[in-house]
Amino acid sequence: MKVYYIVEKRKGSASWVTTERKEDLHQQLKEIEKWEKDQQKVWFWEKLSRLPFQLLDKLTPEFIQKKIGKLLDEVGSFVQTGGQYLTSQKQIINMFQKKLPEEIFESLEDVQKAPLSVMDEIAEGMGKNRINAATVQGATTGVGGVFTLAADIPAVLGLSLKTLQDIAVAYGYDPKEKKERVFIVKCLQLTSADVVGKKSILQGLKDYDQDRTYKNVASEIQGWREVVLGYRDTFGWKKLFQLVPVAGMVFGAAANRSTLNDITETGMMLYKKRRILARLKETEQGME
């Protein structure tokens, strides 16, 4: 895709006027909408994905259950404060500076005007780094079977949240804002929902940047713990074989890699869609 943009520099900062072809934006939007439709297709194995964890709940010692519950509780504070999962905006902004050294990047406002192709490249690169980290994490915790699985689940949740925050910044959105943290949790929920849930979530995220829509979505995730536990259940068949000590290394690595790959894809698609819609809106306003 060719991207045409003009940059007007001012002292100490950059004032960007970014022009991307309207036809290209609509084409990319169609590709994202096709992805959204694919997400709403259900497979037979998805109906069985909860069964392994129903068995796991019965076999897991009580002290591990409590530990999992305590660690999962920490994720609830993410919506309110971001907590320990906050990402480094400055580091990501510096990535844009390295990609486009002739320009000036000082804030998210500058990132918002960067070419979509650069946003995609940076988001994908960060996603790959997190995927590799999750793979190592899964292999490490797979050694001890059920006992180390208790540590793996919260770790993957943390990596997932950080990955989505990185992607948010790459497309010019600030995860320090509660609105964006709500959106991130909804992205997390989308990767774990069944076909009915996916339809509902995607419908709820439509026109997310309208205040009315955001308020509705915020109220929907008040039961955040149910969201997190549902996310845990989706490990299902992927994680079942990780309960076997040593052999679980292979299955743990594969399961974590698959999970973070889904998270990265979902985050990129949904945040890119918002950025495209914002640019189309800017284009329409500029023509008035």
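Right above here is the structure, for reference.
A quick note: this is a predicted structure, and the numbers were derived from the prediction, not measured. (Residues numbered from 1 in each chain as written. Predicted model: local features only at pLDDT ≥ 70, side-chain atom pairs only at ≥ 80, totals over all residues. Heavy atoms only, no water.)

**Quick notes on the packing of helix H9 (residues 178-192) against helix H10 (residues 195-205)**
When two helices pack together, their arrangement is given by the angle between the helix axes and the distance between those axes.
1) Next: Put simply, H9 and H10 touch, their axes get as near as 9 Å, and they point 155° apart. By the angle between their axes, H9 is roughly antiparallel relative to H10. Crossing handedness for the pair H9 and H10: left-handed. Contact with H9, carried on its side by Phe183, Lys186, Gln189, Leu190 and Thr191, involves Lys198, Ile201, Leu202 and Leu205 of H10 and no other residues of that element.
2) Next: Tallied by class, the residues present in the contact of H9 with H10 amount to five nonpolar, two polar and two charged. (Axes fitted to C-alpha atoms, helices over the stretch in contact; angles between N-to-C directions. Helix = DSSP H or I, 4+ residues; strand = E, 2+ residues; numbered from the N terminus. Parallel < 35°, antiparallel > 145°, perpendicular 65-115°, else oblique. Left-handed = near helix turned anticlockwise from the far one by under 90°. Contact = heavy atoms within 4.5 Å. Nonpolar A, V, L, I, M, F, W, Y, C, P; charged D, E, K, R; others polar.)

**Focus: the packing of aromatic side chains**
1) Next: Applying the stated criterion to the full structure yields four aromatic pairs.
2) Next: Between Tyr173 and Tyr271, the aromatic rings sit 5.4 Å apart at their centres with planes inclined by 45°, giving tilted as the arrangement. Here Tyr173 is found in the loop between helix H8 (146-170) and H9, whereas its partner Tyr271 is found in helix H14 (residues 248-287), with 98 residues between them in sequence.
3) Next: Aromatic side chains Phe183 and Tyr271 sit 4.8 Å apart centroid to centroid with 65° between the ring planes, which places their arrangement in the edge-to-face category. With Phe183 in helix H9 and Tyr271 in helix H14, the pair connects residues that are 88 residues apart, well separated along the chain. (Phe/Tyr/Trp six-rings, centres within 6.5 Å; stacked < 30°, edge-to-face > 60°.)

**Digging into H9**
1) Next: When the terminal C-alpha atoms of H9 are compared, their 22 Å separation across 15 residues agrees well with the 21 Å that a helix rising 1.5 Å per residue should span.
2) Next: Buried residues dominate H9, accounting for 12 of its 15 residues.
3) Next: Within H9 the residues assigned to the buried category are Lys179, Glu180, Arg181, Val182, Phe183, Ile184, Val185, Lys186, Cys187, Leu188, Leu190 and Ser192. (Expected span 1.5 Å × (residues − 1). Buried < 20%, exposed > 50% of the residue type's maximum accessible area, 1.4 Å probe, protein only.)

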